[in-house]
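Per-entry structural report
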Amino acid sequence: MVSLTDTASYTRGRRRPLLRLGNFGLTLPALLLIIVFFVLPVLALLVRSVTEPVFGLGNYAELLGSATYLKIFFNTFVVSGVVTIVSLAIGFPVAWTLAIMPSRLASIVFAILLLSMWTNLLARTYAWMVLLQRTGLINKTLIALGLIDKPLPLVNNLTGVTIGMTYIMLPFIIIPLYGVIRKIDPAILQAAALCGATRWQALTRILIPLAAPGMISGALMVFVMSLGYFVTPALLGGTANMMLAELIAQFVQSLVNWGMGGAAALVLLVVTLTLYAIQLKLFGTAGAGGR
Amino acid sequence: MSKLFTIATIAALVGVGSQASAADMVFTSWGGTTQDVQKAAWADKFSSQEGVNIIQDGPTDYGKIKAMVEAGGVTWDVIDVEGDYAVQAGNNGLLEKLDFSVIDKTKLDPRFVTDYSVGSFYYSFVIGCNKDVVDACPKTWADLFDTAKFPGKRTFYKWSAPGVIEAALLADGVAPDKLYPLDLDRAFKKLDTIKSDIIWWSAGAQSQQLLASAEAPFGSFWNGRLTALAESGVTVETSWEQNITAADVLVVPKGAKNKDTAMKFIAFATSPEAQAEMAKGTGYAPTNVDSSKLMDPELAKTLPDQQTASQINADMSYWAEHRDEIGERWYAWQAK
């Protein structure tokens, strides 16, 4: 085992000359990767969006001037927002339970969580389709229990999308939340109780503020991922609540209209980066979990 | 040990890589059962006969075709595409002209032959119904649009392609010979009347799932999917009344690396024997007029080419010309 100080002095001794070349030099390989795999494709998209079919901002004007496309933008935000809120509402108690569980049990629950995350996305989405349809398990059970007479419309609409997407997004909110909650000293809650705080006060004035960094980074991740989500909304949703990713796929694959597809993709990218910038500015965390 | 493993892995990867580059041709189609049959009936036989290595790829993606041709890096040699797309792509310079000195077109159904494409197989949009769950099945497009007589959800093809707009117009009483040019206003008005009762299917397997589970007890389907579903034990009723036909076609993208092999492959795939095999496996009709002689008459009777009396040809050149504007209107209407 090398002690911490040993490593530090070793690093210092070896790295100093390199550092004199400037930190910039060291970041060059990473920068190059970003340029080749991110900046160039986005630039290509930008060029297409203002040159196809004709030069100008026509695509953007059409995209932002049409009631139908605006509705798709609106749907995208509403669905992403609803999924984020529901994921938080379910994810928080789960993360909390995980954090206070005996660690062996928690690792089993984690394994289940990760396994479900790694199962093929399409298979999971189709599974929901089968569960949620009129003659599916959920409706059949509810009817057999006498709770409803007619099958509930659970799929091919917003309900289906919300259920399917929330299920898929949950791990992305539970994991950062778990990291934050586990670091909260349970003694703080005891102290709060001793000082006369009710359970509600302990939750809203101590637990939630302390867990806020994890909630924010988890929520942002889920929201941003939802904005660009394709498979689940396409399969579990109806056409009336189409999301942006599906519109982009239609433009590119079906209509072969890359100008419009590129414009829509860029609008989505700008929104995503803006959200990210706001979070950085307000909370100073880049979604890496709490500190 | 781990070093050994690494070396073995690299060797394996290199092996796979060289195998792929030794491919003599890449065939791309839509996946699923149709491509399985295309592989068995065409590619495998052609491979063993000609000693040519064929790699299967997919699904077909029009955006990708355009990207490949424009970037000059075409990795597909023969692609199964929709008929109207082929006409449009040919006009836009994305396809190679077919070599009809290699491909014998004299026996091919002329409805599905252009300079750039020949029919791969042909299908009909028909009315399908799950008889296990309803008392009466819709027989005509007018029935399928009649929610009073046939209450419940109905399923239609989601993408903008020949089929649904024609069905709406026929349901509204337009005569088959007066379909084109398509009266889009009238079609969308008719579609509006059942919009809230439509569940869209985007892939063949999904249409089968919707019908079998009775999520939508009836709707408009590719005939071959109904045949397959009936074989799996679901009581399916198919109505051929005014069945609307369109074909998939085979094309060669511009700049295909193995153009000559591609032409030979297409010649093989459209031969009477290969087309008969394809029809046997899929329930879709052969595009070679000599194929039906090679098939079991009972089976041949179930195919769209035997339903020509009540058949309506989707007009591919009309669709090719108006593909973009219909598409944009279609998706906008769906999302409304």
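Residues numbered from 1 in each chain as written. Chains lettered and ligands numbered in written order. Predicted model: local features only at pLDDT ≥ 70, side-chain atom pairs only at ≥ 80, totals over all residues. Heavy atoms only, no water.

1. Regarding the overall build of chain A
Using the following cut-off: Numbering of helices and strands runs from the N terminus; a helix is a DSSP stretch of H or I covering at least four residues, while a strand is a stretch of E covering at least two. Residue burial is assigned from relative accessible area. The probe radius is 1.4 Å, only protein chains are included, and a residue is buried under 20% of its type maximum, exposed over 50%, and partly exposed in between. Working rule for contacts: check all heavy atoms of both residues, and any pair within 4.5 Å makes them a contact. What sets the accessible areas is the Shrake-Rupley method with a 1.4 Å probe; for residues, cover comes only from the shown protein chains.
Looking only at helices and strands, one finds 13 helices and 0 strands in chain A. Overall, chain A shows an N-to-C arrangement of helices and strands of α-α-α-α-α-α-α-α-α-α-α-α-α. Evaluated residue by residue, chain A yields a buried proportion of 38% over its 291 residues. For chain A, long-range pairs separated by at least 24 residues make up 70% of all intrachain contacts whose partners lie at least 6 apart in sequence. As presented, chain A carries roughly 16,400 Å² of accessible surface, and 73% of it is formed by carbon and sulfur atoms.

2. Let's talk about the interface of chain A and chain B
Put simply, the rule is: Simply put, the buried area is the total loss of 1.4 Å probe accessible area from both parts when two parts are fitted together. The salt bridge criterion pairs a side-chain nitrogen of Lys or Arg with a carboxyl oxygen of Asp or Glu, the two atoms within 4 Å. Nitrogen and oxygen atoms within 3.5 Å of one another constitute a polar contact, given that in protein one can donate a hydrogen and the other can accept it, and given that sequence-neighbouring residues count only through two side-chain atoms.
Counting residues at the interface gives 28 residues for chain A and 25 residues for chain B. Buried surface at the junction of chain A and chain B, summed over both partners, amounts to about 2,400 Å²; 50% is from carbon and sulfur atoms. The largest contributions to the chain A side of the interface with chain B come from Arg 134, Thr 239 and Leu 255 of chain A, which together make up 23% of the buried area. At the junction of chain A and chain B, the tally comes to 3 salt bridges. With a shortest N-O distance of 2.7 Å, Arg 48 of chain A and Glu 70 of chain B are connected by a salt bridge. Counting across the chain A and chain B interface gives 12 residue pairs in polar contact (both at pLDDT 80 or more). When residues of the side of chain A that touches chain B are traced back to their parent elements, those giving at least two are α4 (67-100), α6 (121-132), α11 (231-236) and α12 (244-254) of chain A.

3. Remarks on the pairing of strand β5 (residues 154-157) of chain B
Residues and elements named next belong to chain B. Under the convention used in this document: Criterion used throughout: strands pair if DSSP finds at least two bridges between them.
Both β5 and strand β6 (residues 198-201) contribute to a ladder of 4 bridges, which runs parallel. Bridged to Thr 155 within β6 is Ile 199. Bridge analysis of β5 against strand β7 (residues 218-222) gives 2 bridges, and the strand direction is parallel. Looking at the pairing, Thr 155 lines up with Gly 219 of β7.

4. Focus on empty space enclosed by the protein
The condition is simple: Both site types are read off a 1 Å grid over the protein atoms alone. A 1.4 Å probe that fits but cannot get out defines a cavity, while an open set with protein on both sides within 12 Å along at least five of seven lines defines a pocket; lining residues have an atom within 4 Å of a point. Grid points are joined across faces, edges and corners, and a volume is the space filled by probe spheres set on the points. Only Asp, Glu, Lys and Arg are considered charged, only Ala, Val, Leu, Ile, Met, Phe, Trp, Tyr, Cys and Pro nonpolar, and every remaining residue, Gly among them, polar.
A full pass over the atoms with the stated rule returns 2 cavities of 30 Å³ or more. Of the volumes computed, that of the largest cavity is approximately 40 Å³. Around the largest cavity, the lining residues are Met 129, Gln 133, Val 155 and Asn 156 of chain A together with Ile 199, Trp 200, Gln 206, Gln 209, Leu 210 and Glu 215 of chain B. Among the secondary structure elements, those contributing two or more residues to the lining of the largest cavity are β6 and α8 (204-212) of chain B. With 3 residues, the single largest contributor to the lining of the largest cavity is α8 of chain B. Counted by class, the lining of the largest cavity contains 5 nonpolar, 4 polar and 1 charged residues. Size it by volume and the second largest cavity reaches roughly 40 Å³.

5. Some remarks on the layout of surface pockets
The computed volume of the largest pocket comes to approximately 1,100 Å³. Taken together, 34 residues form the lining of the largest pocket, with Trp 30, Pro 59, Trp 159, Ser 202 and Ala 203 of chain B sitting closest to its centre. Breaking the lining of the largest pocket down by element, the ones donating at least two residues are α6, α11 and α12 of chain A together with α2 (32-50), β4 (118-130) and α8 of chain B. Broken down by class, the residue content of the lining of the largest pocket amounts to 17 nonpolar, 10 polar and 7 charged. Considered as a void within the structure, the second largest pocket measures approximately 410 Å³ in volume. For the second largest pocket, the lining is made up of 29 residues, of which Asn 156, Gly 238 and Thr 239 of chain A together with Ile 198 and Ile 199 of chain B are closest to its centre.

6. Things to note about unusual backbone geometry
A cis geometry characterises the amide bond from Gly 58 of chain B onward to Pro 59 of chain B, with omega recorded as -5°. For Pro 59 of chain B, the position within the fold is in the loop between β2 (54-57) and α3 (62-71). Cis rather than trans, the peptide bond between Tyr 180 of chain B and Pro 181 of chain B has omega equal to -5°. Unlike most non-glycine residues, Val 256 of chain A shows phi in positive territory, near 50°. Mapped onto the elements, Val 256 of chain A comes out in the loop between α12 and α13 (258-283). The class for Val 256 of chain A is buried, based on a relative accessible area of 17%. Non-glycine residue Ala 214 of chain B carries a positive phi angle of around 65°.

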